[in-house]
Amino acid sequence: MMELKQIATAGTMESSDLMITLSPNETGLVIDLQSNVEKQFGQHIRALITEMLTKFDLTNVTVSAVDKGALDCTIKARTVVAIYRGLGKTDYDWKEINAWIA
Amino acid sequence: MMLKRIWLGLNQTETQQWQALLEQAGLAVDWQVDYTIGLFENKQLIATGSVYANIIKCVAVSNQQQSQNLLTQVVQALLDDLEANQQTHSFVYTKPGTADYFTALGFKAIVTTKQVIVLERGFPNLNDYRQQLRQAKQAGQRIGAIVLNANPLTIGHEHLIQTAVQASDHLYLFVVSEERSLFSAQERLAMVQQIANKYTNVTVLPTNQYLVSSMTFPNYFLKDRADQNLARVQAEVDATLFAKVIAPELAITTRWVGEEPLSPVTAIYNQQMAHVFGTAIQLQIMPRLAIAGQVVSATRVRTAIKAQDWSQVAQLVPKEIYPIVKGSIDDGIKTNRNGGDHGVQ
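Owing to the predicted nature of the structure, the values given are computational and were not obtained by experimental measurement.

Next up on the list: the overall build of chain B. When helices and strands are counted, chain B shows eleven helices and 14 strands. For 345 residues, the compact-globule estimate of 2.2 N^0.38 gives 20 Å, and the C-alpha radius of gyration of chain B, at 21 Å, lies within 12% of that figure. C-alpha extents for chain B along the principal axes are approximately 65 × 45 × 35 Å. Each of the 345 residues in chain B was classed as buried or not, and the buried ones make up 57%. The long-range fraction of contacts in chain B, counting pairs at least 24 apart against all pairs at least 6 apart in sequence, stands at 71%. Across chain B, the 28 positively charged side chains and the 28 negatively charged ones have centroids separated by 3 Å.

For the rest of this paragraph, the subject is the sheet that holds strand β11 (residues 254–258) of chain B. Residue and element names in this part refer to chain B. Here we have five strands laid out as an open sheet, ordered β10-β9-β8-β11-β12, and parallel in their pairing. Looking at which strands have only one partner, the edges of the open sheet turn out to be β10 (202–206) and β12 (282–286). Across the sheet, the mean angle separating the axes of adjacent strands is 25 degrees when strand polarity is ignored. The sheet contact formed by β11 and β12 spans five bridges and is parallel. Looking at β12, one finds that G258 is bridged to M286. Contacting β8 (143–148), β9 (170–175), β10 and β11, helix α7 (residues 228–250) crosses the sheet at an angle of about 135 degrees to β9.

On to the layout of surface pockets, then. In this structure, the largest pocket encloses a volume near 770 Å³. For the lining of the largest pocket, the secondary-structure elements that each account for two or more residues are β2 (18–24), β3 (30–35) and β4 (61–67) of chain A together with β6 (108–112), β7 (117–122) and α4 (126–136) of chain B. At seven residues, the largest contribution of residues to the lining of the largest pocket is made by α4(B). Taken domain by domain, the lining of the largest pocket gets at least three of its residues from each of domain 1 (2–123) and domain 2 (127–331) of chain B.

As a further point, take the nonpolar core. All names here are of chain B. In terms of nonpolar packing, the biggest core is built from 45 residues, with V118, F174, Y210, F242 and I252 touching the most fellow members. Going through the elements one at a time, β5 (89–94), β6, α4, β8, β9, α7 and α8 (264–277) are the ones with two or more residues in this core. Taken domain by domain, the makeup of this core includes at least three residues from each of domain 1 (2–123) and domain 2 (127–331). Non-local contacts of F242, meaning those with residues more than four positions away in its chain, are made with A145, L211, A247, P248, I252, R255, F277 and I281. L160, I305, V313 and L316 belong to the second largest nonpolar core, which has 33 residues in total.

With that settled, the discussion passes to the side chain of S62(B). All names here are of chain B. Position of S62 relative to the elements: it lies in the loop between β4 (55–61) and α2 (70–84). Overall, S62 belongs to the buried group, its relative accessible area being 6%. Once residues lying within four places of it in the same chain are set aside, the contact partners of S62 are L21, Q24 and I46.

What counts, and at which threshold
Residue numbers restart at each chain and count upward from 1, following the sequence in its written direction. Both sets of labels track the order of writing: A upward for chains, 1 upward for ligands. Confidence filtering applies because this is a predicted model: local features only for residues at pLDDT of at least 70, side-chain atom pairs given and counted only at 80 or more, and all residues used for totals across whole chains, interfaces and linings. Computation of side-chain values: all heavy atoms of the structure, hydrogens and water removed. In this description a helix means any DSSP run of H or I spanning at least four residues, a strand means any run of E spanning at least two, and both kinds are numbered starting from the N terminus. When we talk radius of gyration, it's over C-alpha atoms, and the globule rule is simply 2.2 Å times the number of residues to the 0.38. For every residue, the accessible area (1.4 Å probe, protein chains only) is compared with the maximum for its type, and the residue is labelled buried under 20%, exposed over 50%, or partly exposed between those bounds. By definition in these notes, contact holds between two residues if any of their heavy atoms fall within 4.5 Å. Under the counting rule used here, the positive set is Lys and Arg, the negative set is Asp and Glu, and His together with the chain ends is not counted. Each charge is placed at NZ for Lys, CZ for Arg, CG for Asp and CD for Glu. A pair of strands is labelled paired if DSSP reports no fewer than 2 bridges between them. Only the stretch in contact is used when fitting a helix axis, every axis being a line fitted to C-alpha atoms; angles between N-to-C directions are given from 0 to 180 degrees. Method remark: on a 1 Å grid restricted to protein atoms, a set of points is classed as a cavity if a 1.4 Å probe fits but cannot get out and as a pocket if it is open with protein on both sides within 12 Å along at least five of seven lines; lining residues have an atom within 4 Å of a point. Grid points are joined across faces, edges and corners, and a volume is the space filled by probe spheres set on the points. Bear in mind that the domain bounds are from an automatic or database domain assignment. By nonpolar core we mean a set of buried residues, namely Ala, Val, Leu, Ile, Met, Phe, Trp, Tyr and Cys, connected to one another through side-chain atoms within 4.5 Å.

Written as C-alpha cells, this is what we have:
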C-alpha cells in the first residue's frame, strides 16, 4: 500500500475545473465534495476520484474537492496530478496515464 | 479585465480605490494585510481580496459588477499565492451574509457569531485538531483549562496553574501556537511542559490556530493600537469557538484566566468569555500575583530581558524555567526578534 508524503493540491475553482486537495490520514478514504451538480453527478465524481486513487493503491487519504462542472477527463487529470504531487513523484508515466484518462 | 497586485500605500490611486470599494461593501478598512490583489477594468477597481498570514480577508466585489463570478478569480489568486508560500490551510474571516459564496469554493464554516463567520479550507483542519484533543482527553468531573502564551512563563503563570490544578480533577494547558512572540512556540511549549511535569493531572496542548490566534483574535496581537469595538467582535469569535468546539471535546467545566487590570483588550476578552460561556462553562478570574508592589507579567520579564537585568528575570520566572529563557536569549538570534506584547495569561 502506498502512502501520501504530503498535502497536495491541483486544479482551480474556475468554471469547468476541479480543485482537489489530498491529505494523508490514518483512517481510510474520506471524500468531501462540494459541487453544484452534486445531485446528478456527485456519486460519479467520487467514483472517478476513487478510481484514480486506487490506481496508486492509496487508501489513507482525506480528499477535499471543489467541482465547478468539470468533465470526466478533467476530474481524472486533476486527481492524478494531485496524487503525483502528494507522492513527491515527477516521473509521469504518460502512456499509462493517457490510457486511464482517454 | 486585469488581475494584479495592489501595493497599498505605494500606489495612491489604487489604494484610494481599494478603500472606497471596501467601504462600499460595508467592510472595515483593515491595513493588517500582507498581500492584496485587485481586479481592474478600464483602470477601475472592481474586485479585491487580501491575505494576512494564512487568513483571507477584505474580499469585496463592486456592486455594479456582481453576478460575474469575480469572487472566484479573486479567491483563486489568493489561494495561488498561499500555495506558493506552502500554506496548505487557510481561513476566511467575513460577514455571515457572504458565507455561501465561500462555501461554494470549498470553505467550511467553523464558527459563527452575529457579526462574523470564520471558514477554513485545506489541511490540517479543525477536525484533525478535534481528533488530537479527543486523544488527549482525560476523565474527571472538574475539568479546567488555561490558555497561555508563556512568552516567557512567569511565576505568575505558575501560580495560576497551581491554583487551577488544586481545584481540578484534570487541567489542560493550551499554549498559543502562533509564532509572533519573542520565544518560539517550541520554546514556550517546553517551558509549560516543565511546569506541567510536576503534576500527574495536567496535559499540555497546542492551540494551533483555533484559540487566540491572528485568525480568531487578530487584535489581541495589537493590544496597544486595538480598536475596542473590533476587539469585542473578535473576542466573541474566540470565546465561541472555545465554548462550542474545544470545551465540549474535553468536557471542560472551568476556564481559568488571570486578571489584567491594565489592558482594556484583555478586559473585553474576559467580558465576552463570561457572556458567551453563560452557565455552561465557569469563568474563574484570578487576581495577578504581585511582588514588590508590581504585578508579575510576561511583559515585565521581557522589559527586564531587554534591559539585560538578569537578576530581575530570575525573580520573575520559576527557577526551572530560567535556564530555558537565558539559553534562548543567549542564542543571540533573539535580539532582533519582535517582542509582541501579548502574554495571554
